[in-house]
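# Remarks on the overall topology
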Amino acid sequence: MLNDKENKKYETIEKVVNGFMTRKEASIELNLSLKQIDRLKNIYHSEGKEGFIHKSRGKENPNKKDTNIIKTLEELYLTTYYDFNFIHFYEDYVFGKYDISYDTMLKKFTEDDIISPLAHKKTVKAYKDKMKEIIKETDSNIIDVKIDLFKSRIIEAEKAHPRKSNNLLVFGEEIQMDACNKMWFGGIPSYLHLAVDKATKKVLFGWFEFEEITRGYYVVLFNLIINYGIPAKIKADNRSTFSANNTKDKEKKKFMTQFGKVCEQLNIVLYTTSISTAKANVERENETFKNRLIAELRLNNITDIDEANKYLNKVFIPKMNKKFSYAIDDKTSLMRENTYTEEELKLIISERKEKIIDNASCISYNRKYYIPIDIETGEVINFQKGTKCTLIIDYDGEYIGEIENHYYQMLELENRDSIMKKESEITTIKKEHHKYIPPANHPWRKNMMSRH
């Protein structure tokens, strides 16, 4: 008897032979080449209908594994190695002892409803529906052990990710920071820096910058401390703002960066991770802000970054916190009270560069020279060559120098190129002098003409 595929071939070739269909039409119908159509025509004439039966029908697959091996391995696994994952079981107890590959063993185990302890919840759930079919097995012992295996797998899946109480965390215990790149406003890509409290799901502050830079996180941290207090812990990603990848010492990675030094001075634990799900709250807020903030900025015709920052913190974040976040419990809060003034905090949340005073009592930074000025009197202060100076770029972008435990304003010295021009840069236009030609009645011309 021909199956459906073989019967279709036979009927199509029969039409070709009887002139009801062309070779080309048969080629399209069967998705075969013309050469194959000719071969099938020859089979039709020489062997008839039986020639279209596949030659391998009824033959045993030479690569088929002995069912006794599969049964032995299943019994061995179910009775002795039931808590081993499949790879561990194969490598230590099957490989080299039985003539079977890992893929074949895995396929047979799966077909016979045997799953690994590493199976996903989705797989375990799918196999729950097949437990009734196991009862139909002939070997009652195998039925019992398979049922027990299923029960153990279900228990393992339920214990894999135990639910944690949301009340285990309190306000200020963990603040998550991240930046999200998007065309937020004006059709220009920009980065939204956010700080989110894990316990209350409250967005503490946000700030737009055109790049994901340290200053963006400084602004967020400064306003977070001013408005709420000093948190116990900050969790962020492994970008260079938070983690120094050029050091091999893992303990120093976080405190080699400028942001890490600020956290150390404020007694904040800085934790970095490359796993996005470890800071799921700020990642979720990024997605929420994408779906809502972009539309609101467009609706309000906001295309300027200053206006966007103003709308973000004055309108959008308070509205989102009122809708989605939880109230702060001051009794359990781990936010430490901020005892610093704004000026002191601006000095702490700053970039610091170690410099050396040169023989002209100046320091060099970004190809410019800065000289220390007394903050109160405005007088230039001279120091010996080689004196150490810590250049502080504070929150407002002001340059301050810390020299011998005193603070000085660092005044930029203007070079000649900023106030004067070089001769080569000055373009001079030469005036054309016209030759003076005296008129014909000029005495000098009269005398000359009289000679001739």
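Our structure's up above, just so we're on the same page.
We now turn to the structure provided with this report. (Residues numbered from 1 in each chain as written. Predicted model: local features only at pLDDT ≥ 70, side-chain atom pairs only at ≥ 80, totals over all residues. Heavy atoms only, no water.)

For helix α10 (residues 214–227), built from 14 residues, the straight-helix expectation of 20 Å at 1.5 Å per residue is met to within 8% by its first-to-last C-alpha distance of 20 Å. Of all 14 residues in α10, 10 are buried, a share of seventy percent or more. All of the buried residues along α10 are Gly-216, Tyr-217, Tyr-218, Val-219, Val-220, Leu-221, Phe-222, Asn-223, Leu-224 and Ile-225. Backbone geometry just downstream of α10 places Gly-229 in the positive-phi region, at approximately 130 degrees. (Helix = DSSP H or I, 4+ residues; strand = E, 2+ residues; numbered from the N terminus. Expected span 1.5 Å × (residues − 1). Buried < 20%, exposed > 50% of the residue type's maximum accessible area, 1.4 Å probe, protein only.)

Another aspect to go through is the packing of aromatic side chains. Inspection of the entire model under this criterion finds 20 aromatic pairs. Each residue in the set Tyr-77, Phe-86, Phe-89 and Phe-109 is aromatic and connected to the rest through ring pairs, giving one cluster. Lying over the aromatic face of Tyr-271, Lys-233 brings its terminal NZ or CZ to 5.0 Å of the ring centre. (Phe/Tyr/Trp six-rings, centres within 6.5 Å; stacked < 30°, edge-to-face > 60°. Lys NZ or Arg CZ within 6 Å of the ring centre and 35° of its normal.)

Our focus in this paragraph is the side chain of Ser-190. By the element assignment, Ser-190 lies in strand β2 (residues 188–197). Residue Ser-190 is classed as buried on the basis of its relative accessible area of 0%. What Ser-190 contacts, discounting residues up to four positions off in sequence, is Cys-180, Asn-181, Lys-182, Trp-184, Phe-185, Phe-208, Glu-209 and Phe-210. (Contact = heavy atoms within 4.5 Å.)

Moving on: the nonpolar core. Met-177, Leu-221, Ile-234 and Phe-259 are the most contacted members of the largest nonpolar core, which totals 31 residues. At 8 residues, the largest contribution of residues to this core is made by α10. Those residues in contact with Met-177 that lie beyond four places of it in its chain are Leu-194, Ala-195, Tyr-217, Val-220, Leu-221, Leu-224, Ile-234, Lys-235, Ala-236, Phe-259, Lys-279 and Val-282. Among the nonpolar cores identified, the runner-up in size contains 20 residues, and Cys-180, Leu-194, Ile-305 and Met-320 belong to it. (Core = buried A, V, L, I, M, F, W, Y, C linked by side-chain atoms within 4.5 Å.)

Ordered by their spatial adjacency, 6 strands build an open sheet running β6-β9-β10-β11-β8-β7, and the pairing between neighbours is antiparallel. Every other strand in the sheet has two partners, leaving β6 (351–356) and β7 (363–365) as the edge strands with one partner each. For this sheet, the mean angle separating the axes of adjacent strands, direction not counted, is 35 degrees. (Pairing = 2+ DSSP bridges. Axes fitted to C-alpha atoms, helices over the stretch in contact; angles between N-to-C directions.)

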